[in-house]
Amino acid sequence: MSTTAFHIAARDGRARTGTLTLPRGEIRTPAFMPVGTAATVKAMLPGSVRATGADILLGNTYHLMLRPGAERMARLGGLHRFMNWDRPILTDSGGFQVMSLADLRKLTEEGVTFKSHVDGSTHHLSPERSMEIQRLLGSDIVMAFDECPALPATEEAVAASMRLSMRWAARSREAFGDRPGHMLFGIVQGGVTRELREESAAALRGIGFDGYAIGGLAVGEGQEAMFGVLDYTPGALPDDRPRYLMGVGKPDDIVGAVQRGVDMFDCVLPSRSGRTGQALTRRGQVNLRNARHAEDPRPLDPDCTCPTCTGYSRAYLHHVVKAGEIIASMLLTWHNLHYYQELMAGLRAAIAAGRLTEFAAAFDAERLAGDLPPV
Ligand SMILES: [Zn+2]
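In the annotation of an unreviewed UniProt entry, the chain is listed under the name Queuine tRNA-ribosyltransferase and assigned to Amaricoccus macauensis. Quoted straight from UniProt, the Sequence similarities (unreviewed entry) entry for the chain says "Belongs to the queuine tRNA-ribosyltransferase family." According to UniProt, the comment filed for the chain under the heading Subunit (unreviewed entry) is "Homodimer. Within each dimer, one monomer is responsible for RNA recognition and catalysis, while the other monomer binds to the replacement base PreQ1."

1. Considerations on the overall build of the chain
Per the secondary structure count, the chain includes 15 helices and 16 strands. Expected size for 375 residues packed as a compact globule is a radius of gyration near 21 Å; at 20 Å, the chain falls within 12% of this value. In terms of overall dimensions, the chain has a C-alpha envelope of 60 × 45 × 45 Å along the principal axes. Looking at the chain as a whole, 48% of its 375 residues qualify as buried. Within the chain, residue pairs in contact and separated by at least 24 positions form 68% of the contacts whose partners lie at least 6 positions apart.

2. Some remarks on the UniProt feature "binding site: Zn(2+)" (unreviewed entry) in the chain
Taken from the UniProt record, the annotation "binding site: Zn(2+)" (unreviewed entry) applies to Cys304, Cys306, Cys309 and His335. The greatest C-alpha distance among the annotated residues, which extend across 32 residues, is 8.3 Å, indicating that they converge on a single site. Following the sequence through the fold, Cys309 ends up in helix H12 (residues 307–311). Among all residues touching Cys309, those that are not within four sequence positions of it are Pro299, Leu300, Asp301, Cys304 and His335. Following the sequence through the fold, His335 ends up in helix H14 (residues 326–353). When residues no more than four places from it in sequence are discounted, the contact partners of His335 are Ala279, Leu300, Cys304, Cys306, Thr308 and Cys309.

3. A closer look at the domain arrangement of the chain
Assigned domains of the chain: these are domain 1 (5–266) and domain 2 (274–369). A C-alpha centroid distance of 27 Å is found between domain 1 and domain 2. With 25 residues of domain 1 in contact, the opposing surface of domain 2 contributes 22 residues. Every element with two or more residues in the side of domain 1 that touches domain 2 is listed here: strand S1 (5–12), strand S2 (15–22), strand S4 (31–33), helix H1 (46–51) and helix H10 (251–259). When residues in the side of domain 1 that touches domain 2 are grouped by element, the largest group, five residues, is from H10.

4. Concerning the packing of helix H13 (residues 314–322) against H14
Interaxial distance between H13 and H14 falls to 7 Å at its minimum, and their mutual angle equals 130 degrees. Of the possible angle classes, the one that applies to H13 and H14 is oblique. In this structure, H13 crosses over H14, and the sense of that crossing is left-handed. The segment H13 lies against H14, with Leu317, Val320 and Val321 engaging Ile327, Ala328, Leu331 and Leu332. Residue composition of the contact of H13 with H14, by class: seven nonpolar, no polar and no charged.

5. Section: the UniProt feature "binding site: substrate" (unreviewed entry) in the chain
In the numbering used here, UniProt assigns the feature "binding site: substrate" (unreviewed entry) to Asp92, Ser93, Gly94, Gly95, Phe96, Asp146, Gln189 and Gly216. Among the secondary structure elements, Gly94 is positioned in the loop between strand S6 (89–91) and helix H5 (95–101). A tally of 29 C-beta atoms within 10 Å means that Gly94 is categorised as buried. Mapped onto the secondary structure, Gln189 falls in the loop between strand S11 (183–188) and helix H8 (194–207). Excluding its chain neighbours within four sequence positions, the residues that come into contact with Gln189 are Asp146, Ser161, Met162, Ser165, Ser200, Gly215 and Gly216.

6. Observations concerning the sheet that holds strand S12 (residues 211–214)
One open sheet accounts for eight strands, arranged S4-S14-S13-S12-S11-S10-S6-S5; its pairing is parallel. Single-partner strands in this sheet number two, and they are S4 and strand S5 (57–59). On average, each strand axis in the sheet is tilted by 25 degrees relative to the strand beside it, whichever way the strands run. Set on the sheet, H8 makes contact with S11 and S12; between it and S11 the angle comes to about 155 degrees.

7. Focus on unusual backbone geometry
The omega torsion across Thr29 and Pro30 is 0 degrees, close enough to zero to call that bond cis. Note that Pro30 resides in the loop between strand S3 (25–29) and S4. A cis amide bond links Val248 to the next residue, Gly249, at an omega of 5 degrees. Among the secondary structure elements, Gly249 is positioned in the loop between strand S13 (243–245) and H10. The backbone of Ala39 sits at a positive phi, close to 65 degrees, despite the residue not being glycine. Inspection of the secondary structure assignment puts Ala39 in the loop between S4 and H1.

Rules used in this analysis
Residues numbered from 1 in each chain as written. Predicted model: local features only at pLDDT ≥ 70, side-chain atom pairs only at ≥ 80, totals over all residues. UniProt positions renumbered as here; feature names shortened; annotations may be inferred. Helix = DSSP H or I, 4+ residues; strand = E, 2+ residues; numbered from the N terminus. Rg over C-alpha atoms; globule rule 2.2 N^0.38 Å. Buried ≥ 20, exposed ≤ 12 C-beta atoms within 10 Å, placed from the backbone. Contact = placed C-beta atoms within 7 Å. Domains from an automatic or database assignment. Axes fitted to C-alpha atoms, helices over the stretch in contact; angles between N-to-C directions. Parallel < 35°, antiparallel > 145°, perpendicular 65-115°, else oblique. Left-handed = near helix turned anticlockwise from the far one by under 90°. Nonpolar A, V, L, I, M, F, W, Y, C, P; charged D, E, K, R; others polar. Pairing = 2+ DSSP bridges.

Now the structure itself:
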């Protein structure tokens, strides 16, 4: 008997809402996963992340294998215990970050050898090692190991990279084995070329995964091209399995992707923006560094129920951002994550009510109206 389940409770157009059930807890979909790169969602306590409404976090294999190390993490009881988060965790495979962060990479059919960006030490990642590391971390949702071509790339290079990733996907499936209570997701690659995306989706369906991710987007191709890929890729994946759009995105990216049938998201944007004085609100992005907020006694968003908006003025947020106080990162990250989770809750409720089109129109109208006029 399986200890994991994906249940679709309602549909609206291509969008779906439901639950992904794992032994460590239930994930309401469409879901947003805050990014806890180095075993912490920066500037947030785990209980605070949960209070924003997050059901699951993302951890980064590349960072954790380098520091503190997967074997050490396992000796300390695994990632959940280490970072004091007892709900589900999804880990990426390390593939994307090896390509984007590591020095002196050597890529072969077998895997990737690279030097750590932390201390220059030499490491190796392969489908088998990535599966082992994610098992040592104790990840609930494990991602297949894939390769991401450096952009810009020719279609030939994208095709060759995708086919290598599909061979690695089969090796990941084999190495993952049978682990009740844990899920393995395959990753569709193929750039912005429909034939390559469909070839990749077919290869993954042939191998068989517990869920399917769409990778290689939000890497500079622009929203129109991304939505173009999302117009056909989700439909090439099994309907009864969760679909995860990796590394996306801005609030309007998420709304558009949900309308195209995506169930799960992760992005550093809400937490990273929170550390640079940027707030993401229903009225769009607000830069708290701007002098217009210096004497503004109003909350960031009068309709937001987060601790930042119920307890602090724009003037205070402006002050602590300008002064470089740690609480600025804490307050803005909390608000941003709360906003993202409210957005996901709104999307879920709209799909359940068959009102997603109206929800998306209201979402666009509020953003178009822009921030509150100055006091
Ligand atoms: Zn707020």
